[in-house]
Amino acid sequence: MVVGPVAFMALAALLFCIGLFGALSKKSAVLVLMCLELMTNAVNINLVALSRFLTPSSLAGQFAAAFIMVVAAAEIGLGLALVLALYKARRTVELDRLDRLKG
Amino acid sequence: MPESIAAVPFVVLAAASLLGAAMVVLSHNVVHAAFWLLEFMMAVAGLFMLLSAGFLALVQIMVYAGAVTVLLLFTVMLTLRHREDAERPLDLSWPAAGIALAVLVAAGAVIASFRPAVAHAPAVTPGIAEFGRLLFTQWALPFEIASVVLLIALVGAVWWSGGEE
């Protein structure tokens, strides 16, 4: 028995939605960043799988996944730096307590 | 070179990645969530190996399992004043579940209507040498831009998190 591209796409969709659910519902900034990483990894699985099945010779999906990894690494670095700056300024990383702009 | 993708390793790795992702969301402890994220990253690296993407599997382990998880753990340690602060409520919200479910249904509809041109994995895939050759010829410009992006992100991260004032 062999696995086709649809199985990988279904797996990626499930992982993406788990990450989306976490990113939308978590109140800790660090946990939201972790869930964003889940989502980017799900996208990468999709890209690599479709590249393997549909355009195996050009490796286009693998390059797209590699550049998404670069952007995700930059994002997590900057995100965690922001969390640290936030913690220094407000002594909390709870997103629902950052309500200074609320009227 | 594997001629096709076997079901047993795929099911094992898919289950491992789903377990890791679910436990990141469902852990009460932030540190436990970070370690489940590590398990998830390793499972995804295994999936990349299964898809004959050896270079990406290596990068996945080095960047995500290595650097990102350590970075997350450091941030958890720096932003928690007491050990008990790591324990926290789950914060699961119904609107978020509704949105995620709607996205899942939409994605499922797209996937169900997807008719792949090829049902089985092609027998021959280019190896890591071809990846490197293309990276420095066809993809050289994005590669250089990516290095600038990383440099700017690094400087920005130091700028934001460091300094006395």
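Residues numbered from 1 in each chain as written. Chains lettered and ligands numbered in written order. Predicted model: local features only at pLDDT ≥ 70, side-chain atom pairs only at ≥ 80, totals over all residues. Heavy atoms only, no water.

### Describing empty space enclosed by the protein
For step 1, the next point in the chain: Under the defined criterion, the tally for this structure stands at one cavity of 30 Å³ or more.
For step 2, the next point in the chain: In terms of lining, the largest cavity is formed by Val48, Ser51, Arg52, Pro56, Leu59 and Gln62 of chain A together with Leu51, Ser52, Thr125 and Pro126 of chain B.
For step 3, the next point in the chain: Among the elements that take part in the lining of the largest cavity, helix 2 (residues 29-53) of chain A stands out by supplying three residues, more than any other.
For step 4, the next point in the chain: Its residues assigned to classes, the lining of the largest cavity shows five nonpolar, four polar and one charged. (1 Å grid on protein atoms, 1.4 Å probe; cavity = no way out; pocket = protein on both sides within 12 Å on 5 of 7 lines; lining within 4 Å. Points joined across faces, edges and corners; volume = space filled by probe spheres on them. Helix = DSSP H or I, 4+ residues; strand = E, 2+ residues; numbered from the N terminus. Nonpolar A, V, L, I, M, F, W, Y, C, P; charged D, E, K, R; others polar.)

### A look at the pattern of salt bridges
For step 1, the next point in the chain: Per the stated rule, a full pass over the model turns up two salt bridges over all chains.
For step 2, the next point in the chain: A salt bridge links Arg88 of chain B to Glu94 of chain A; the shortest N-O distance between them is 2.7 Å. With Arg88 of chain B in the loop between helix 3 (54-79) and helix 4 (94-112) and Glu94 of chain A in the segment after helix 3 (60-90), the pair connects residues from two separate chains.
For step 3, the next point in the chain: Residue class for Arg88 of chain B comes out buried when judged on its relative accessible area of 10%.
For step 4, the next point in the chain: Of the charged contacts in the structure, one is a salt bridge between Arg133 of chain B and Glu130 of chain B, with a shortest N-O distance of 3.2 Å. Linking Arg133 of chain B with Glu130 of chain B, this pair stays in helix 5 (residues 128-135), spanning three residues, or about one helical turn. (Salt bridge = Lys/Arg side-chain N within 4 Å of Asp/Glu carboxyl O. Buried < 20%, exposed > 50% of the residue type's maximum accessible area, 1.4 Å probe, protein only.)

### Some words on the interface of chain A and chain B
For step 1, the next point in the chain: Counting residues at the interface gives 70 residues for chain A, matched by 79 residues for chain B.
For step 2, the next point in the chain: Looking at the side of chain A facing chain B, the largest losses of area belong to Arg52, Phe63 and Met69 of chain A, adding up to 11% of the total buried there.
For step 3, the next point in the chain: Linking chain A with chain B are one salt bridge, by the criterion used here.
For step 4, the next point in the chain: Joining chain A to chain B, the criterion identifies six residue pairs in polar contact (both at pLDDT 80 or more).
For step 5, the next point in the chain: Residue assignment for the side of chain A that touches chain B shows that the elements contributing at least two residues are helix 1 (5-25), helix 2 and helix 3 of chain A.
For step 6, the next point in the chain: Here the side of chain A that touches chain B takes 22 residues from helix 3 of chain A, the largest share from any one element.
For step 7, the next point in the chain: A per-class count over the side of chain A that touches chain B returns 52 nonpolar, 11 polar and seven charged. (Contact = heavy atoms within 4.5 Å. Buried area = accessible area lost by both parts, 1.4 Å probe. Polar contact = N/O pair within 3.5 Å; in protein donor to acceptor, adjacent residues only side chain to side chain.)

### Notes on the environment of Leu31 of chain A
For step 1, the next point in the chain: With respect to the secondary-structure elements, Leu31 of chain A resides in helix 2.
For step 2, the next point in the chain: What makes Leu31 of chain A buried here is its relative accessible area of 2%.
For step 3, the next point in the chain: If sequence neighbours within four positions are ignored, Leu31 of chain A has contacts with Lys26 of chain A together with Val24, Val30, Ala33 and Arg88 of chain B.

By themselves, these observations are geometric and do not establish any function.
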